[in-house]
Amino acid sequence: MCVCACGCVCRPCPWIFFNPLNLTSGLNERVLFKVAAFAPFQVTVRDALNQAMDEELERDERVFLLGEEVAQYDGAYKVSRGLWKKYGDKRIIDTPISEMGFAGIAVGAAMAGLRPICEFMTFNFSMQAIDQVINSAAKTYYMSAGLQPVPIVFRGPNGASAGVAAQHSQCFAAWYAHCPGLKVVSPWNSEDCRGLLKSAIRDDNPVVFLENELMYGVPFEMSDESQSKDFVIPIGKAKIERAGSHVTLVSHSRYVGHCLDAAAVLAKEGVECEVINLRTIRPMDVESIETSVMKTNHLLTVEGGWPQFGVGAEICARIMEGPAFNYLDAPVTRVTGVDIPMPYAKILEDNSVPQVKDIIFSVKKMLNV
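So, how was this worked out
Residues numbered from 1 in each chain as written. Predicted model: local features only at pLDDT ≥ 70, side-chain atom pairs only at ≥ 80, totals over all residues. Heavy atoms only, no water. Helix = DSSP H or I, 4+ residues; strand = E, 2+ residues; numbered from the N terminus. Buried < 20%, exposed > 50% of the residue type's maximum accessible area, 1.4 Å probe, protein only. Contact = heavy atoms within 4.5 Å. Salt bridge = Lys/Arg side-chain N within 4 Å of Asp/Glu carboxyl O.

Caption draft 1: Inspection of the overall build of the protein at higher detail. When you go through the protein residue by residue, the secondary structure sums to twelve helices and 16 strands. Residue burial in the protein is summarised as follows: out of 369 residues, 57% are buried. Once local pairs closer than 6 in sequence are excluded, the contacts in the protein between residues at least 24 apart make up 80%.

Caption draft 2: Region of interest: the pattern of salt bridges. Evaluated as defined, the whole model comprises 23 salt bridges. Here Arg 62 ties to Asp 60 by a salt bridge, and the two come within 2.9 Å at their closest N and O atoms. Note that Arg 155 is salt-bridged to Glu 211, the shortest N-O span being 2.6 Å. Linking Arg 155 in strand β7 (residues 153–157) with Glu 211 in strand β9 (residues 207–211), this pair joins segments that are 56 residues apart in sequence. Of the residues examined, Arg 155 reaches a relative accessible area of 1% and is grouped as buried. Residue class for Glu 211 comes out buried when judged on its relative accessible area of 1%. Taken together, the shared-partner salt bridges in this structure form one network comprising Glu 55, Glu 56, Arg 59, Arg 194, Lys 198 and Arg 202.

Encoded structure:
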(Lines give C-alpha, C1' and ligand atoms only; values in the text may rest on other atoms or scores of the structure.)
Protein backbone atom coordinates (compact mmCIF):
# COMPACT_ATOMS: atom_id res chain seq x y z
CA MET A 1 0.00 0.00 0.00
CA CYS A 2 1.20 3.54 -0.68
CA VAL A 3 0.06 7.12 -0.89
CA CYS A 4 0.29 8.71 -4.33
CA ALA A 5 0.50 12.35 -5.39
CA CYS A 6 -3.24 12.92 -5.10
CA GLY A 7 -3.23 11.73 -1.50
CA CYS A 8 -5.13 8.49 -2.08
CA VAL A 9 -4.13 5.09 -0.77
CA CYS A 10 -4.16 2.30 -3.33
CA ARG A 11 -2.96 -1.22 -4.11
CA PRO A 12 0.53 -0.95 -5.01
CA CYS A 13 0.56 2.42 -6.69
CA PRO A 14 1.37 2.18 -10.44
CA TRP A 15 3.54 5.30 -10.17
CA ILE A 16 6.31 3.16 -8.68
CA PHE A 17 6.43 0.72 -11.60
CA PHE A 18 8.84 1.30 -14.46
CA ASN A 19 7.27 -1.56 -16.45
CA PRO A 20 3.48 -1.58 -16.22
CA LEU A 21 3.41 -4.67 -18.46
CA ASN A 22 3.82 -6.60 -15.21
CA LEU A 23 0.28 -5.56 -14.36
CA THR A 24 -1.35 -7.09 -17.44
CA SER A 25 -2.63 -10.62 -17.57
CA GLY A 26 -4.13 -13.26 -19.80
CA LEU A 27 -3.87 -13.80 -23.53
CA ASN A 28 -2.81 -10.26 -24.37
CA GLU A 29 0.23 -10.52 -22.09
CA ARG A 30 1.36 -13.79 -23.63
CA VAL A 31 1.02 -12.46 -27.15
CA LEU A 32 2.95 -9.29 -26.28
CA PHE A 33 5.79 -11.28 -24.75
CA LYS A 34 5.90 -13.48 -27.82
CA VAL A 35 6.12 -10.44 -30.09
CA ALA A 36 8.85 -8.93 -27.93
CA ALA A 37 10.90 -12.11 -28.12
CA PHE A 38 11.00 -12.46 -31.90
CA ALA A 39 10.65 -8.97 -33.42
CA PRO A 40 13.97 -7.64 -34.80
CA PHE A 41 13.74 -4.07 -33.44
CA GLN A 42 11.73 -3.19 -30.36
CA VAL A 43 10.86 0.18 -28.80
CA THR A 44 8.63 0.53 -25.75
CA VAL A 45 5.75 3.00 -25.74
CA ARG A 46 7.56 4.95 -23.00
CA ASP A 47 10.72 5.31 -25.10
CA ALA A 48 8.76 6.25 -28.23
CA LEU A 49 7.10 9.11 -26.36
CA ASN A 50 10.45 10.16 -24.91
CA GLN A 51 12.07 10.18 -28.35
CA ALA A 52 9.25 12.26 -29.83
CA MET A 53 9.50 14.92 -27.12
CA ASP A 54 13.30 14.94 -27.27
CA GLU A 55 13.33 15.51 -31.02
CA GLU A 56 10.68 18.24 -30.89
CA LEU A 57 12.44 20.02 -28.01
CA GLU A 58 15.61 19.96 -30.10
CA ARG A 59 13.86 21.02 -33.32
CA ASP A 60 11.91 23.98 -31.92
CA GLU A 61 13.16 26.11 -29.01
CA ARG A 62 9.57 27.24 -28.32
CA VAL A 63 8.65 23.72 -27.12
CA PHE A 64 8.85 23.04 -23.38
CA LEU A 65 7.49 20.45 -20.95
CA LEU A 66 5.89 21.14 -17.58
CA GLY A 67 4.08 19.06 -15.01
CA GLU A 68 4.47 17.22 -11.73
CA GLU A 69 7.81 15.39 -11.35
CA VAL A 70 8.69 15.70 -15.07
CA ALA A 71 12.17 17.16 -14.46
CA GLN A 72 14.48 15.91 -11.72
CA TYR A 73 12.47 12.73 -11.11
CA ASP A 74 12.38 11.95 -14.88
CA GLY A 75 8.57 11.78 -14.86
CA ALA A 76 6.19 9.72 -12.74
CA TYR A 77 6.33 7.01 -15.42
CA LYS A 78 9.85 7.87 -16.63
CA VAL A 79 8.47 9.16 -19.94
CA SER A 80 10.60 12.32 -19.65
CA ARG A 81 13.73 10.43 -18.57
CA GLY A 82 16.91 12.37 -19.34
CA LEU A 83 15.20 15.48 -20.75
CA TRP A 84 15.87 17.73 -17.73
CA LYS A 85 19.58 16.90 -17.76
CA LYS A 86 19.71 17.69 -21.48
CA TYR A 87 17.55 20.84 -21.67
CA GLY A 88 17.63 22.31 -18.17
CA ASP A 89 15.15 24.12 -15.93
CA LYS A 90 13.81 26.52 -18.57
CA ARG A 91 12.60 23.77 -20.90
CA ILE A 92 11.66 20.98 -18.45
CA ILE A 93 9.75 22.45 -15.52
CA ASP A 94 8.63 20.75 -12.31
CA THR A 95 5.35 22.18 -11.00
CA PRO A 96 3.48 22.05 -7.70
CA ILE A 97 0.53 19.67 -7.34
CA SER A 98 -1.89 22.20 -8.82
CA GLU A 99 -3.34 21.16 -12.18
CA MET A 100 -5.49 24.25 -12.49
CA GLY A 101 -2.44 26.45 -11.93
CA PHE A 102 0.13 24.88 -14.24
CA ALA A 103 -2.44 24.12 -16.96
CA GLY A 104 -3.34 27.81 -16.90
CA ILE A 105 0.33 28.78 -17.14
CA ALA A 106 0.72 26.44 -20.12
CA VAL A 107 -2.33 27.84 -21.93
CA GLY A 108 -1.08 31.40 -21.38
CA ALA A 109 2.35 30.43 -22.69
CA ALA A 110 0.74 28.94 -25.81
CA MET A 111 -1.20 32.15 -26.41
CA ALA A 112 2.07 34.08 -26.05
CA GLY A 113 3.74 32.09 -28.84
CA LEU A 114 5.34 29.12 -27.09
CA ARG A 115 4.44 25.45 -27.66
CA PRO A 116 4.00 23.83 -24.24
CA ILE A 117 3.55 20.14 -23.47
CA CYS A 118 1.46 19.96 -20.31
CA GLU A 119 1.71 16.57 -18.58
CA PHE A 120 -1.01 15.41 -16.21
CA MET A 121 0.25 12.65 -13.92
CA THR A 122 -3.03 11.00 -14.85
CA PHE A 123 -5.94 12.42 -16.83
CA ASN A 124 -8.13 11.79 -13.83
CA PHE A 125 -6.38 14.84 -12.35
CA SER A 126 -7.18 16.88 -15.47
CA MET A 127 -10.65 17.42 -14.02
CA GLN A 128 -8.97 19.96 -11.74
CA ALA A 129 -7.94 21.85 -14.89
CA ILE A 130 -10.91 21.19 -17.17
CA ASP A 131 -11.87 24.89 -17.23
CA GLN A 132 -8.41 25.74 -18.59
CA VAL A 133 -8.50 22.91 -21.15
CA ILE A 134 -11.97 23.68 -22.53
CA ASN A 135 -12.91 27.29 -21.75
CA SER A 136 -9.41 28.73 -22.22
CA ALA A 137 -7.62 26.44 -24.70
CA ALA A 138 -10.34 24.86 -26.85
CA LYS A 139 -12.45 27.94 -27.51
CA THR A 140 -9.92 30.73 -27.98
CA TYR A 141 -8.91 29.96 -31.59
CA TYR A 142 -12.57 30.09 -32.66
CA MET A 143 -13.56 33.07 -30.54
CA SER A 144 -10.64 35.08 -31.92
CA ALA A 145 -11.75 34.35 -35.51
CA GLY A 146 -8.58 32.35 -36.09
CA LEU A 147 -6.23 35.14 -34.99
CA GLN A 148 -5.07 33.49 -31.75
CA PRO A 149 -3.85 29.89 -32.07
CA VAL A 150 -3.29 27.87 -28.90
CA PRO A 151 -0.58 25.30 -29.78
CA ILE A 152 -0.57 23.17 -26.63
CA VAL A 153 -0.50 19.43 -25.94
CA PHE A 154 -2.16 18.06 -22.82
CA ARG A 155 -0.74 14.56 -22.35
CA GLY A 156 -0.58 11.77 -19.76
CA PRO A 157 -2.02 8.35 -18.90
CA ASN A 158 -5.74 7.83 -19.44
CA GLY A 159 -8.31 5.18 -18.54
CA ALA A 160 -8.22 2.35 -16.04
CA SER A 161 -4.91 1.19 -14.64
CA ALA A 162 -4.67 -1.63 -12.06
CA GLY A 163 -5.73 -1.39 -8.45
CA VAL A 164 -6.41 2.33 -8.38
CA ALA A 165 -10.20 2.14 -7.92
CA ALA A 166 -12.96 4.48 -9.04
CA GLN A 167 -11.38 7.93 -8.78
CA HIS A 168 -8.41 7.02 -10.96
CA SER A 169 -10.03 4.88 -13.67
CA GLN A 170 -12.00 7.15 -16.02
CA CYS A 171 -11.43 7.11 -19.77
CA PHE A 172 -11.58 10.71 -20.99
CA ALA A 173 -11.73 9.99 -24.73
CA ALA A 174 -15.47 10.71 -24.97
CA TRP A 175 -15.30 13.58 -22.45
CA TYR A 176 -12.83 15.66 -24.41
CA ALA A 177 -13.93 14.50 -27.88
CA HIS A 178 -17.33 16.02 -27.09
CA CYS A 179 -15.81 19.52 -27.14
CA PRO A 180 -15.25 21.45 -30.40
CA GLY A 181 -11.91 23.21 -30.57
CA LEU A 182 -9.92 20.24 -29.26
CA LYS A 183 -8.18 17.49 -31.16
CA VAL A 184 -8.19 14.21 -29.21
CA VAL A 185 -5.59 11.52 -29.88
CA SER A 186 -5.58 8.01 -28.37
CA PRO A 187 -2.57 6.01 -29.62
CA TRP A 188 -2.00 2.27 -29.23
CA ASN A 189 1.55 1.20 -30.07
CA SER A 190 5.01 2.79 -30.14
CA GLU A 191 4.72 3.98 -33.74
CA ASP A 192 1.38 5.65 -32.97
CA CYS A 193 2.83 7.40 -29.94
CA ARG A 194 5.94 8.64 -31.70
CA GLY A 195 4.31 9.86 -34.91
CA LEU A 196 1.16 11.30 -33.37
CA LEU A 197 2.91 13.11 -30.50
CA LYS A 198 5.21 14.86 -32.97
CA SER A 199 2.16 15.89 -35.02
CA ALA A 200 0.37 17.08 -31.89
CA ILE A 201 3.30 19.26 -30.79
CA ARG A 202 3.49 20.87 -34.24
CA ASP A 203 -0.28 21.49 -34.45
CA ASP A 204 -1.61 25.02 -33.88
CA ASN A 205 -4.70 23.64 -32.14
CA PRO A 206 -4.89 22.37 -28.56
CA VAL A 207 -4.47 18.58 -28.57
CA VAL A 208 -5.47 16.16 -25.81
CA PHE A 209 -3.08 13.21 -26.05
CA LEU A 210 -4.40 10.19 -24.17
CA GLU A 211 -1.75 7.59 -23.37
CA ASN A 212 -2.35 4.33 -21.50
CA GLU A 213 -0.56 3.61 -18.25
CA LEU A 214 -0.51 -0.16 -18.77
CA MET A 215 1.14 0.23 -22.19
CA TYR A 216 4.20 2.28 -21.19
CA GLY A 217 6.48 -0.72 -20.76
CA VAL A 218 5.15 -2.72 -23.72
CA PRO A 219 7.65 -3.13 -26.61
CA PHE A 220 6.55 -2.94 -30.25
CA GLU A 221 8.41 -3.44 -33.49
CA MET A 222 9.14 -0.17 -35.29
CA SER A 223 10.18 0.31 -38.89
CA ASP A 224 13.25 2.23 -40.02
CA GLU A 225 10.92 4.88 -41.48
CA SER A 226 9.25 5.48 -38.13
CA GLN A 227 12.65 6.13 -36.53
CA SER A 228 13.25 9.16 -38.76
CA LYS A 229 13.14 12.60 -37.13
CA ASP A 230 10.77 13.66 -39.92
CA PHE A 231 8.31 10.83 -39.24
CA VAL A 232 4.82 12.06 -38.32
CA ILE A 233 1.38 10.46 -38.43
CA PRO A 234 -1.43 12.79 -39.54
CA ILE A 235 -4.02 13.49 -36.88
CA GLY A 236 -7.46 12.27 -37.94
CA LYS A 237 -6.44 9.17 -39.91
CA ALA A 238 -7.19 5.63 -38.70
CA LYS A 239 -5.13 2.55 -39.55
CA ILE A 240 -6.21 -0.94 -40.53
CA GLU A 241 -4.09 -3.17 -38.30
CA ARG A 242 -5.47 -6.43 -39.70
CA ALA A 243 -7.47 -7.02 -42.88
CA GLY A 244 -10.57 -9.21 -42.75
CA SER A 245 -13.84 -9.93 -44.50
CA HIS A 246 -16.43 -11.07 -41.92
CA VAL A 247 -16.62 -8.37 -39.22
CA THR A 248 -15.07 -4.96 -38.52
CA LEU A 249 -13.60 -4.38 -35.06
CA VAL A 250 -12.99 -0.70 -34.23
CA SER A 251 -11.03 0.32 -31.14
CA HIS A 252 -8.45 2.72 -29.73
CA SER A 253 -5.59 2.66 -27.25
CA ARG A 254 -4.91 -0.56 -25.32
CA TYR A 255 -7.98 -2.36 -26.63
CA VAL A 256 -6.65 -2.45 -30.18
CA GLY A 257 -4.33 -5.17 -28.85
CA HIS A 258 -7.31 -7.02 -27.37
CA CYS A 259 -9.04 -6.87 -30.76
CA LEU A 260 -5.99 -8.29 -32.53
CA ASP A 261 -5.76 -11.10 -29.97
CA ALA A 262 -9.46 -11.89 -30.43
CA ALA A 263 -9.06 -11.78 -34.21
CA ALA A 264 -6.20 -14.30 -34.02
CA VAL A 265 -8.38 -16.72 -32.02
CA LEU A 266 -11.40 -16.26 -34.29
CA ALA A 267 -9.29 -16.79 -37.42
CA LYS A 268 -8.65 -20.37 -36.27
CA GLU A 269 -12.42 -20.88 -36.38
CA GLY A 270 -12.77 -19.40 -39.86
CA VAL A 271 -13.89 -15.89 -38.86
CA GLU A 272 -11.74 -13.15 -40.38
CA CYS A 273 -11.89 -9.85 -38.48
CA GLU A 274 -10.78 -6.50 -39.86
CA VAL A 275 -9.24 -4.51 -36.99
CA ILE A 276 -9.23 -0.71 -37.20
CA ASN A 277 -7.03 1.34 -34.88
CA LEU A 278 -8.80 4.70 -34.60
CA ARG A 279 -5.68 6.55 -33.38
CA THR A 280 -7.65 9.83 -33.30
CA ILE A 281 -11.02 10.26 -31.58
CA ARG A 282 -11.57 13.83 -32.78
CA PRO A 283 -11.53 14.34 -35.71
CA MET A 284 -12.73 10.77 -36.26
CA ASP A 285 -11.91 8.90 -39.47
CA VAL A 286 -15.49 7.76 -40.16
CA GLU A 287 -14.71 7.17 -43.84
CA SER A 288 -12.31 4.31 -43.04
CA ILE A 289 -14.92 2.69 -40.78
CA GLU A 290 -17.63 3.03 -43.44
CA THR A 291 -15.40 1.53 -46.13
CA SER A 292 -14.66 -1.46 -43.92
CA VAL A 293 -18.31 -1.99 -42.94
CA MET A 294 -19.33 -1.94 -46.60
CA LYS A 295 -16.93 -4.87 -47.07
CA THR A 296 -17.64 -6.92 -43.92
CA ASN A 297 -21.30 -6.01 -43.31
CA HIS A 298 -20.77 -6.22 -39.54
CA LEU A 299 -19.40 -3.77 -36.96
CA LEU A 300 -18.26 -4.17 -33.36
CA THR A 301 -16.73 -1.33 -31.34
CA VAL A 302 -14.45 -1.89 -28.33
CA GLU A 303 -13.45 0.67 -25.69
CA GLY A 304 -12.49 0.84 -22.03
CA GLY A 305 -14.80 3.74 -21.23
CA TRP A 306 -18.38 3.67 -20.02
CA PRO A 307 -21.12 2.80 -22.55
CA GLN A 308 -23.38 5.84 -22.18
CA PHE A 309 -22.45 8.62 -24.67
CA GLY A 310 -19.16 6.84 -25.38
CA VAL A 311 -16.89 6.64 -28.43
CA GLY A 312 -18.69 3.49 -29.58
CA ALA A 313 -22.05 5.25 -29.27
CA GLU A 314 -20.78 8.03 -31.57
CA ILE A 315 -19.54 5.48 -34.12
CA CYS A 316 -22.93 3.73 -34.04
CA ALA A 317 -24.70 7.04 -34.73
CA ARG A 318 -22.34 7.97 -37.58
CA ILE A 319 -22.82 4.57 -39.26
CA MET A 320 -26.60 4.72 -38.88
CA GLU A 321 -26.71 8.22 -40.37
CA GLY A 322 -24.31 7.45 -43.23
CA PRO A 323 -24.11 5.32 -46.39
CA ALA A 324 -22.74 2.22 -44.62
CA PHE A 325 -26.01 1.63 -42.74
CA ASN A 326 -27.59 -0.12 -45.71
CA TYR A 327 -24.71 -2.61 -45.81
CA LEU A 328 -25.18 -3.89 -42.24
CA ASP A 329 -26.43 -7.47 -41.88
CA ALA A 330 -26.77 -7.16 -38.09
CA PRO A 331 -27.04 -4.35 -35.53
CA VAL A 332 -23.82 -2.66 -34.48
CA THR A 333 -22.54 -4.10 -31.17
CA ARG A 334 -20.55 -2.29 -28.49
CA VAL A 335 -18.10 -3.85 -26.04
CA THR A 336 -17.37 -1.32 -23.30
CA GLY A 337 -16.45 -0.92 -19.68
CA VAL A 338 -19.25 -1.71 -17.25
CA ASP A 339 -21.50 1.22 -16.33
CA ILE A 340 -20.29 1.48 -12.73
CA PRO A 341 -17.51 3.28 -10.81
CA MET A 342 -14.41 1.06 -11.01
CA PRO A 343 -14.23 -1.47 -8.13
CA TYR A 344 -11.02 -1.84 -6.14
CA ALA A 345 -11.02 -5.64 -5.85
CA LYS A 346 -9.03 -7.20 -8.69
CA ILE A 347 -11.58 -9.84 -9.68
CA LEU A 348 -14.30 -7.18 -9.89
CA GLU A 349 -11.94 -4.83 -11.73
CA ASP A 350 -11.16 -7.50 -14.34
CA ASN A 351 -14.86 -7.97 -14.95
CA SER A 352 -15.45 -4.22 -15.30
CA VAL A 353 -13.32 -3.68 -18.42
CA PRO A 354 -13.39 -5.49 -21.78
CA GLN A 355 -11.46 -8.75 -22.01
CA VAL A 356 -10.46 -10.71 -25.12
CA LYS A 357 -13.10 -13.34 -24.33
CA ASP A 358 -15.80 -10.63 -24.33
CA ILE A 359 -14.85 -9.59 -27.86
CA ILE A 360 -14.82 -13.20 -29.09
CA PHE A 361 -18.22 -13.87 -27.52
CA SER A 362 -19.74 -10.70 -29.04
CA VAL A 363 -18.42 -11.49 -32.53
CA LYS A 364 -19.80 -15.04 -32.42
CA LYS A 365 -23.17 -13.79 -31.16
CA MET A 366 -23.30 -11.19 -33.95
CA LEU A 367 -22.49 -13.78 -36.62
CA ASN A 368 -24.70 -16.49 -35.05
CA VAL A 369 -21.71 -18.80 -34.79
